[in-house]
Amino acid sequence: MGHLIEVNDLRVSFGATPAVDGISFQIRENEVLVLAGESGSGKTVTALALTRILPASARIVSGSVTFRGQDLLALKEEGLAQTRGRDIAYIFQEPASFLNPVFTIGSQIMEAIILHQARTKQDARKEALALLGLVQIKEPERVFASYPHQLSGGMNQRVFTAMSLACRPKLLIADEPTTALDVTVESQIVKLLMDLKKTLGFSMLFITHNLALAKKIADRVCVMYRGKIVEEAGMPALFARPQHFHTKELIAAYEKIGKL
Amino acid sequence: MKKNNALAIGITIIAFFGLVAIFAGMCAPYEPSAIDQNNLLMPPSLHHPLGTDSLGRDLLSRMIYGARISLAVGIIAVGIATLLGVFLGCVAGFYGGMIDAFIMRLVDIILCFPTLFLILAVVAILEPSIFNIMVIIGLTGWMGTARLVRSEILSLKEREFVQAARAIGASNARIILRHLLPHAMGPVLVSATLGIGSAILLESGLSFLGLGVQPPVPSWGNILIEAKSTLGIAWWITVFPGLAILVTILGFNLISEGLKKEIG
Amino acid sequence: MLTYLSRRLLAILPLLFGITLISFFVIHLAPGRPAVVDQTLNPKISLEVKERLVKLYGLDKPLHIQYLNWLARLARFDFGRSFTDDRLVRDKIIERVPLTLAINILSLVFIFALAIPIGVRSSLRPSGVFDKGMTFLVFFGFAVPTFWLALLCMNLFGIQLGWLPISGIKSLDFEYFGFWQRCLDVCRHLVLPVAVSSIGGLAAITRYMRSSMGEALQQPYIYAARAKGLPRRQVVYKHALRNALLPIVTILGLSIPGLLGGSVIFETIFSLPGVGRLFYEAVMMRDYNLIMAEVVLVAVLTMLGNLIADIAYAYVDPRIRYEKT
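All residue numbers refer to positions counted from 1 along the written sequence of the respective chain. Both sets of labels track the order of writing: A upward for chains, 1 upward for ligands. Local features in a predicted model are, by the rule used here, given only for residues with pLDDT of at least 70; side-chain atom pairs are given and counted only at 80 or more, and totals for whole chains, interfaces and linings are based on all residues.

Draft legend 1. The overall build of chain B, seen in detail. Helix and strand counts for chain B come out as 12 helices and zero strands. Taking the principal axes of its C-alpha atoms as reference, chain B extends roughly 75 × 50 × 25 Å. Remark: C-beta atoms are placed from the backbone, and a residue is labelled buried if 20 or more other C-beta atoms sit within 10 Å of its own, exposed if 12 or fewer do, or partly exposed between those counts. For chain B, buried positions account for 49% of its 264 residues. The contacts in chain B between residues at least 6 apart in sequence include a share of 71% that link residues at least 24 apart. Helix and strand assignments come from DSSP, with helices taken as H or I runs of at least 4 residues and strands as E runs of at least 2, each series counted from the N terminus. Working definition of a contact: two residues with C-beta atoms, positioned from the backbone, lying within 7 Å.

In structure tokens:
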């Protein structure tokens, strides 16, 4: 099976401080790669760098991101914008703040549909409602007309997932999508994502600091520490024979939580 | 320490004007109200560096004495406003409840009056004088400080060190003065320096309307009264006093900006 | 929304009470007796006027009765007569309102039309050349005495260059003009007053817009909008600008007292027959009925402006419009 995306020696820095310090990884079709590590280890910056949506203060120093044979980092902004959302989509940590507070849920989903698929408004509306159904929202009509602040965190994350999947992307980048949610809601969202992955067939880059979660969903795990990937392993192997001390720390943290 | 250009430039400007104002008697080449019939409306020259007005008075000397008035009015007015604002803000924030509601409602009410209208109405009744102007500007300018201090006090009140002070039996006054106010002083200072600029602006506007500092006592604002009747004839009467006001306010604003950076 | 609305409406009652109380307090500020009948301060007031005042204000009655009577008259918009020409204060004010209103609305339009694009442009490249230039101008705009700027502009554009009239609202030969010529004439008279009176607001709103846009551009939803694949234009002008513009309605309300206060100075300098000039004349003549009427009026106007701004804000911000369910 070929690689869907291939990251080579990616370096990102804020001013003179490197945040991502020469990392490389690949994701295959239909694979779930978990990027694990403590906060501040450069996971989110990596995720944002893949389609160059970094904050203005960050700079990509070097590296390449090859997606279906094309180097995304060498593309012009307009070309890259077409890839975003259509081929590579994101979901983020705090859905409520990543949804625009002044637009309705419906208009934000429709915006994504119309942007990449040149469809009429009625058509987009129908599709948006269907997407809300797809993420198992019970009253799509009501949610469609709501504003983000009127919905719960779990609900907003479902909405965001629906929006991200609007164009059936090949790669979904999920940046700690459940960290801000309750544990029960977390497992619902994770289950939803895995179900959707099965039905729609996409690859996933799942970012988390929680190895328990990684154990449930990952095909492979990359452990990040201070901007570098310090360990890469298939799933059972990582827990059986952790090599790097940071991996051991993360496993220990997970076991401690497990015992509580 | 990082270099703080705004603060340095601001302090330089204000120190310059301040020294000139304090040593006005030594700096001014002429008596500010000495009339010279032979030199009416003279453009700037070696004898009169900034020219003369329609009574032949030396503009530079009038402006130097005017600096005294304008700075004094600005500083004292803001002093009154700041004292009042700090006091009412402390009381409101510390005691809360009805007192707080009352003071904050008062702030809302006074903020409904455009300052100039309120001041002019009072001036119409009390007669304009330097003293009245300072007091009125002070009495109509404390609301921002009160709000600021109140919110600072509210956020500090529940902190451990205040609780600790309370536990060892410190009096309310002591808690406010020793433990709460010092933390609020930074922002108060920033807004006070900014306020001096606004107060000078207000005073000059009032004096320009003939309702502030009364001639023959010179203030930058009332020197400009004559600018209107000599428009197109004597540019120096318009340009220099206005420039002095502008630069002074710029100076105070720069200090305020610099202090804000300093406090972080 | 409804609870919010009723809460806001209820809050104006104490404000109204306070405004009238302070205004009333100001009349009675003079030491001893109310200033209105103090002959030493008001040599212009004749004995006959004085008697009428005593009756009008019921000055022989206790203070709280006087206040209540005054309130009752206020409620009927009865402000008494002007001392100078014995006309009804209400009529004198009403005929002056349109001009002041027109100038202030024009100023607001001018301010927002310039400040919003400038602020947005500055925020897109903070510390860029454009931003630095604008920051400097804004700083200057805050410090410049606007009445002085008015004098300079009158001198330059009116006297030296002769491009624009500097006084009044119409030319001397206005009566002989055709319709369009008249319009043009009035516009030409308004250029300087509107431009100069906008400087302060322009500086404030530009600075405000720059920071609010800068903040909006760093919000998480901006990353989400970019991640969706929206072109930069839409990210900036739809997603960020919409959020940055919300508080502007409040600022609009807050800028009313400044503009009204400014009218006193500008209308006086440019000899424009508006409410501000009327107030100035009233103060010069110690025309107390007129002074009191205007003070109460501008305060109530400011209060209503703020109220409307708050309601408008609640309407444009869905987070208040639809309270959490």
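Next comes the rest of the account.
Draft legend 2. Structural view of the overall build of chain C. Counting its regular elements, chain C contains 15 helices and zero strands. When the 325 residues of chain C are sorted by exposure, 40% land in the buried category. The long-range share in chain C, meaning contacts at least 24 apart out of those at least 6 apart in sequence, stands at 70%.

Draft legend 3. Representation of the nonpolar core in the model. What we call a nonpolar core is a set of buried Ala, Val, Leu, Ile, Met, Phe, Trp, Tyr and Cys residues whose membership is set by joining through C-beta atoms within 7 Å. Counting residues in hydrophobic clusters, the biggest one holds 228 residues, and the most contacted among them are Ile109 and Leu205 of chain A, Met63, Leu120 and Ala121 of chain B together with Val295 of chain C. The leading source of residues in this core is helix α3 (residues 59-95) of chain B, at 17 residues.

Draft legend 4. Here's a closer look at the domain arrangement of chain C. Residue and element names in this part refer to chain C. Domains are outlined according to an automatic or database domain assignment. Here chain C is described as being made up of domain 1 (2-75) and domain 2 (96-316). Taken together, the contact between domain 1 and domain 2 spans 15 residues of the former and 12 residues of the latter. Of all the elements, helix α1 (residues 2-27) adds the most residues to the side of domain 1 that touches domain 2, at 10 residues. Note that Gly is not counted as nonpolar here; it falls among the polar residues with everything else outside the nonpolar set of Ala, Val, Leu, Ile, Met, Phe, Trp, Tyr, Cys and Pro and the charged set of Asp, Glu, Lys and Arg. Among the residues forming the side of domain 1 that touches domain 2, the class breakdown is 10 nonpolar, three polar and two charged.

Draft legend 5. Representation of the interface of chain C and chain A within the structure. Taken together, the contact pairs 20 residues of chain C with 22 residues of chain A. Taken together, the elements giving at least two residues each to the side of chain C that touches chain A come down to α9 (220-227), α10 (232-245) and α15 (318-321) of chain C. If you tally residues by element for the side of chain C that touches chain A, the top one is α9 of chain C, at seven residues. By residue class, the composition of the side of chain C that touches chain A is 11 nonpolar, four polar and five charged.

Draft legend 6. Inspection of the sheet that holds strand β3 (residues 32-36) of chain A at higher detail. Residue and element names in this part refer to chain A. Any two strands with at least two DSSP-identified bridges between them are counted as paired. The sheet built from six strands is open, its strands ordered β6-β7-β8-β3-β9-β10 with mixed pairing. The sheet is open, and its two edges are formed by β6 (88-91) and β10 (228-234), each paired on a single side. The mean angle between the axes of side-by-side strands here comes to 20°, regardless of whether they run parallel or antiparallel. Relative to β10, strand β9 (residues 220-225) is paired through six bridges, and the arrangement is antiparallel. Orientation is described by axes fitted as lines to C-alpha atoms, over the contacting stretch for helices, and by angles from 0 to 180 degrees between their N-to-C directions.

Draft legend 7. View of helix α13 (residues 275-285) of chain C. Burial analysis of α13 of chain C places eight of its 11 residues in the buried class, the great majority of the element. Those residues of α13 of chain C not exposed but buried are Val275, Gly276, Arg277, Leu278, Phe279, Tyr280, Ala282 and Val283 of chain C. Buried residues along α13 of chain C sit against α5 (115-126) of chain B together with α4 (89-94), α5 (97-124), α12 (256-269) and α14 (288-316) of chain C. Note on α13 of chain C: the residue one or two positions beyond its end, Arg286 of chain C, has a positive phi of about 55°.

Draft legend 8. Layout of the interface of chain B and chain C. With 38 residues of chain B in contact, the opposing surface of chain C contributes 38 residues. Every element with two or more residues in the side of chain B that touches chain C is listed here: α4 (97-111), α5, α9 (172-208), α11 (225-229) and α12 (235-263) of chain B. The greatest single-element share of the side of chain B that touches chain C, amounting to 11 residues, is contributed by α5 of chain B. By residue class, the composition of the side of chain B that touches chain C is 27 nonpolar, eight polar and three charged.

Draft legend 9. Region of interest: the pairing of strand β8 (residues 203-208) of chain A. Residue and element names in this part refer to chain A. Counting buried residues in β8 gives six out of six residues, a clear majority hidden from the surface. Of the two faces of β8, the one holding Ser203, Leu205 and Ile207 and the one holding Met204, Phe206 and Thr208 are both buried throughout. Inspection of the sheet shows β3 paired to β8 by five bridges, in the parallel sense. Looking across to β8, one finds that Ala36 is bridged to Thr208. Pairing geometry for strand β7 (residues 171-175) and β8, over five bridges, is parallel. When the bridges of β8 are listed, Leu171 appears paired with Ser203. For the handedness criterion, the strands are oriented away from the viewer, and a crossover whose path from the first strand over the helix to the second runs clockwise is classed as right-handed. Each parallel crossover has a hand, and for β7 linked through helix α8 (residues 183-200) to β8 it is right-handed.

Draft legend 10. How the structure looks around the packing of helix α8 (residues 179-217) of chain C against α12 of chain C. All names here are of chain C. With their axes 11 Å apart at the nearest point, α8 and α12 run at an angle of 140° to one another. Taken together, the axis directions place α8 and α12 in an arrangement best described as oblique. Crossing angle aside, the handedness with which α8 passes α12 is right-handed. Note on element contacts: α12 touches α8 through Gly258, Leu259, Gly262 and Phe266, opposite Pro193, Val196, Ser197, Gly200 and Gly201. Here the contact of α8 with α12 is composed, by residue class, of four nonpolar, five polar and no charged. Here roughly perpendicular refers to angles of 65 to 115 degrees, roughly parallel to angles under 35, roughly antiparallel to angles over 145, and oblique to all remaining angles. Crossings are classed by handedness, with left-handed meaning an anticlockwise turn of the near helix from the far one by less than a right angle and right-handed meaning a clockwise turn.

Draft legend 11. Looking closely at the sheet that holds strand β1 (residues 3-14) of chain A. All names here are of chain A. In spatial order, the strands read β2-β1-β4-β5; together these four strands make up an open sheet with antiparallel pairing. Looking along the sheet, the strands with just one partner apiece sit at the ends: β2 (17-28) and β5 (70-71). Across eight bridges, β1 lies against strand β4 (residues 58-67) in antiparallel orientation. Opposite Val7, over in β4, you have Val65 as the bridge partner. Packing of helix α1 (residues 43-50) onto the sheet brings it into contact with β1, β2 and β4, and relative to β2 it is tilted by some 65°.

Draft legend 12. Expanded view of the arrangement of the chains. Inter-chain contacts occur across two pairs of chains; the most extensive set of contacts lies between chains B and C. A minimum C-alpha distance of 18 Å separates chain A and chain B, which share no contact.

Draft legend 13. Just unusual backbone geometry, in detail. Put simply, Pro215 of chain B and Pro216 of chain B share a cis peptide bond, and its omega is 10°. With respect to the helices, strands and loops of the structure, Pro216 of chain B is situated in the loop between α9 and α10 (220-223). Within the chain, Arg226 of chain A stands out as a residue other than glycine whose phi angle is a positive 50°. Unlike most non-glycine residues, Ser271 of chain C shows phi in positive territory, near 50°. Ser271 of chain C sits in the partly exposed class, given 13 other C-beta atoms within 10 Å.

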